[in-house]
Amino acid sequence: MCLWCFSFAVTSLEPIIGQYGEMLKIPCNSGAIKAEDIAITKWKYDKGDGVPGYLLVKQKNQNVSISATDEYKVRVSMDKNSSLLISAAKLSDQRTFTCMVVTGGDVFEYPVNVLIHKLPAKLEISGEAEELEIGRLTKLGNCVAKDANPPANITWFKNNKPLEADGKGISIKVSVVVESSTGLSTTTSTLEYSAMKEDTGAKFKCRADGLPLESSSMNFTITYSTENIMLEVSPQKELKEGDNLTLKCVADGNPAPTSFNFHLKGELVTVENTDTYTIANVSRDATGEYKCSLTDDTSMEATRNITVTYLDINLSPSGNIVKRAGEALNLSLQIDSSGKAEVSWTKNNAKLGKQPNFTKLGYSDSGRYEWTVTVGHITRTASFDLTVEGKGLKKSLTQGEKTDVQLLTFVSSLSLSLVTQLGESPFVNGKITHKIKVVPSANLTVHCTVTNRLGNDSRAINVSSLIEEVRMDKQDQSEDSDQTRLVVGVIVGLLIATLVIGLAYWVYSKKSKQGSWKTGEKECGSSEEEKKLEEKVEENSQKAEV
């Protein structure tokens, strides 16, 4: 029986991934063999071509013994679980390491494949384009992922949507360079892009696939030639005579054109470093066709028809007009405007339904007339003051209600008439009204006469008296006849004195009136005097009853 014969078993473990520059830990048997059953643990690695390189060995109840003679001599160690520890992992550590375990009469080997990964330090975009031109394939930039293992895969994004090469408007070229000293890779992805107008303001960036790394966003100026041109006019709603007219030429090119031609009704004006041209204080002659165009491409032009709103009116006659009643007044109305006019009339600030027609003037036609004409936002007015004259004409004379019968009775008994002027109305539409109050003692005729510088006229009306006799008991008369005569005499004397004074005052106040009234008797009395007279009559009446 062979005392030094062993049985071998080889079990392959899952590959592990270590991070570049960090401690690399490679498990031995993953706990398949208990530590107390292990007599010897030994680590080795494959140098290539089947040549092993021994790293370290540990016998039971003894310390670890380093057997490596190369760079691993200072980098390897073993933990209590028999795992191999390698400091500062390098890409050269990507190989197969084998853990050999001896137990009793058996030998087990556990080979482990090691991979070393390294993230790029960051993603950077270099060689950015200053601007992109529509329809032209232009290098947008380079996205670079340095010092990575394995080499980074890069994807470009526009507005967070991935871009794929299509051989037309999108081209993506990738190159990978391995650094000889470190073995790390640098990946460069170059994007060429044919921009469209819609790309104005678009954001571009790149991202490493499967890694939490992406570049900062960038956008580009999109340049394109002018495709459309437009002529804008200010003011936009209505251009009136005297306004300033501003023309603005708007082109959609980028960068925008800086010089334009303005065609002003056949006159050519070129402006530099601006897109506007202003015509001050325009007149109606400015109405017509206007154009603007590019100085470097006159075929790109825009046209606008512009109308200047204006309004002129003439009213004849105007001012103060004096006409005789019955005559005609012919009005001449002239309107010169840029469009249809709206016309309205007022008389003494009251709106009329139509234009006044003065074929036969009457007093009521007198007044102030105003003619208003509107076109757009322009309004013009003209006016005249019409006065219609003629000799005074009394149209009517009316008798009012008979009132104050008791007063009439006492006055009648004195054979006198009391006349009171109630007032007159203002002169409106050729008409004025005078009113008087007559308290007759007998039937009489009232005459009304009106006079002005052109003539006079008069009318008359008959006024009847209501007389109520005061009857007294005959017996009382015989007994008190002397006393009654005395009382009546006193009353009559007082009344006559009062009436004389009132008549003198009333005649004096009427001298300034053009119209006059005649009652067929002496005129007398004012409203105040009439009141005093009534009070006096009442007092005497009471005495008479006594």
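Residues numbered from 1 in each chain as written. Predicted model: local features only at pLDDT ≥ 70, side-chain atom pairs only at ≥ 80, totals over all residues. Heavy atoms only, no water.

1. Regarding a nonpolar patch on the surface
So, step 1. A cluster of nonpolar residues, V174, V176 and V178, forms a patch on the protein surface that exposes about 270 Å² of accessible area.
So, step 2. Positionally, V176 belongs in strand β16 (residues 170-178).
So, step 3. Its relative accessible area of 45% is what places V176 among the partly exposed residues. (Patch = residues over 30% accessible without salt bridge, like charges linked within 9 Å, V, L, I, M, F, W, Y side chains within 5 Å. Areas by Shrake-Rupley, 256 points an atom, 1.4 Å probe, with all protein chains shown as cover. Salt bridge = Lys/Arg side-chain N within 4 Å of Asp/Glu carboxyl O. Helix = DSSP H or I, 4+ residues; strand = E, 2+ residues; numbered from the N terminus. Buried < 20%, exposed > 50% of the residue type's maximum accessible area, 1.4 Å probe, protein only.)

2. A few points about the pattern of salt bridges
So, step 1. If you walk through the whole model with that rule in mind, you get 19 salt bridges.
So, step 2. The partner of R75 in a salt bridge is D93, with the nearest N and O atoms 2.6 Å apart. Pair noted here: R75 is in the loop between β6 (64-66) and β7 (76-78) and D93 is in the loop between β8 (84-86) and β9 (96-103), with a separation of 18 residues, a long-range link.
So, step 3. For R75, a relative accessible area of 9% corresponds to the buried category.
So, step 4. Close ionic contact of D252 with K197 constitutes a salt bridge, the shortest N to O distance being 3.2 Å. Within this pair, whereas D252 is found in the loop between β22 (245-251) and β23 (259-264), its partner K197 is found in the loop between β17 (185-193) and β18 (204-208), the two being separated by 55 residues in sequence.
So, step 5. By sharing partners, the salt bridges in this structure join E71, R75, K90 and D93 into a single network.

3. As for the state of the cysteines
So, step 1. Summed over the entire model, instances satisfying the criterion amount to three disulfides.
So, step 2. The disulfide that involves C143 links it to C206, with 1.9 Å between the sulfurs. Where C143 bonds to C206 through sulfur, the torsion about that S-S bond is close to 75 degrees, and the disulfide is right-handed. Here C143 is found in strand β13 (residues 138-148), whereas its partner C206 is found in strand β18, with 63 residues between them in sequence.
So, step 3. Using a relative accessible area of 0% as the deciding quantity, one classes C143 as buried. (Disulfide = S-S within 2.5 Å.)

4. Here's the deal with the nonpolar core
So, step 1. Formed by 26 residues in total, the largest nonpolar core has its most connected members in I26, W43, L55, L84 and F97.
So, step 2. Among the secondary structure elements, those contributing two or more residues to this core are β3 (24-26), β4 (40-48), β5 (51-59), β7, β8, β9 and β10 (106-117).
So, step 3. Discounting chain neighbours no more than four positions away, the residues touching F97 are I26, W43, K44, Y45, L55, Y72, L84, I86, Y110, P111, V112 and V114.
So, step 4. Counting 24 residues, the second-largest nonpolar core is a separate cluster that includes L123, A145, W156 and I170. (Core = buried A, V, L, I, M, F, W, Y, C linked by side-chain atoms within 4.5 Å. Contact = heavy atoms within 4.5 Å.)

5. Observations concerning the packing of aromatic side chains
In this description, an aromatic ring pair is defined by two values, namely the gap between the centres and the angle between the planes.
So, step 1. Under the counting rule described, the total for this entry stands at ten aromatic pairs.
So, step 2. Between F358 and F384 the ring centres are 6.4 Å apart and the planes differ by 80 degrees, which places this aromatic pair in the edge-to-face class. Highlighted residues: F358 in the loop between β33 (350-352) and β34 (367-375) and F384 in strand β35 (residues 378-389), separated in sequence by 26 residues.
So, step 3. Here F358 falls in the buried class, since its relative accessible area comes to 4%.
So, step 4. Taken together, the aromatic side chains of Y45, Y72 and F97 make up a single cluster linked through ring pairs. (Phe/Tyr/Trp six-rings, centres within 6.5 Å; stacked < 30°, edge-to-face > 60°.)

6. Thoughts on the pairing of strand β26 (residues 288-294)
So, step 1. Most of β26 sits inside the fold, with five of its seven residues counted as buried.
So, step 2. Pairing geometry for β23 and β26, over five bridges, is antiparallel. Directly across from L264, in β26, lies its bridge partner Y290.
So, step 3. Counted along the chain from β26 to the antiparallel partner strand β27 (residues 301-306), the turn is six residues long. (Pairing = 2+ DSSP bridges.)

7. What to know about the side chain of D365
So, step 1. Mapped onto the elements of the fold, D365 is located in the loop between β33 and β34.
So, step 2. Here D365 is buried and forms no salt bridge, its nearest opposite-charge partner K347 lying at an N-O distance of 5.1 Å.
So, step 3. Engagement of the side chain of D365 in a polar contact is seen with the backbone nitrogen of G362, the distance being 2.9 Å.
So, step 4. D365 has contacts with K347, F358, K360, L386 and V388, leaving out every residue within four places of it along the chain. (Lys, Arg positive; Asp, Glu negative; His and termini not counted. Polar contact = N/O pair within 3.5 Å; in protein donor to acceptor, adjacent residues only side chain to side chain.)

8. Examining the confidence of the model for the protein chain
So, step 1. Of all residues in the protein chain, 74% have pLDDT values of 70 or greater, and the mean over the chain is 79.
So, step 2. Low pLDDT (under 50) marks residues 504-531, which in the prediction has 64 contacts with non-local residues, meaning those over four places away or in another chain.
So, step 3. The low-confidence segment residues 540-546, where pLDDT is below 50, has eight contacts with residues more than four positions distant or belonging to other chains. (pLDDT = per-residue confidence, 0-100.)

9. Section: the pairing of β17
So, step 1. Judged from the eight bridges that link them, β13 and β17 form a sheet pairing that is antiparallel. Bridge pairing in β17 links G141 to L191.
So, step 2. Here nine bridges tie β16 to β17, and the two strands are oriented antiparallel to one another. The partner of I170 across the bridge, within β17, is Y193.
So, step 3. Taken together, β16 and the strand that follows it, β17, pair antiparallel across an intervening segment of six residues, in which G183 is found at a positive phi of about 80 degrees.

10. Thoughts on the sheet that holds strand β20 (residues 229-234)
So, step 1. Sheet architecture is open: three strands sit in the order β20-β22-β25, paired in antiparallel fashion. Each having just a single partner strand, β20 and β25 (276-279) make up the two edges of the open sheet. Looking at each pair of strands side by side, their axes are set apart by 20 degrees on average, direction ignored.
So, step 2. Direction of pairing for β22 relative to β25: antiparallel, over a ladder of four bridges. (Axes fitted to C-alpha atoms, helices over the stretch in contact; angles between N-to-C directions.)

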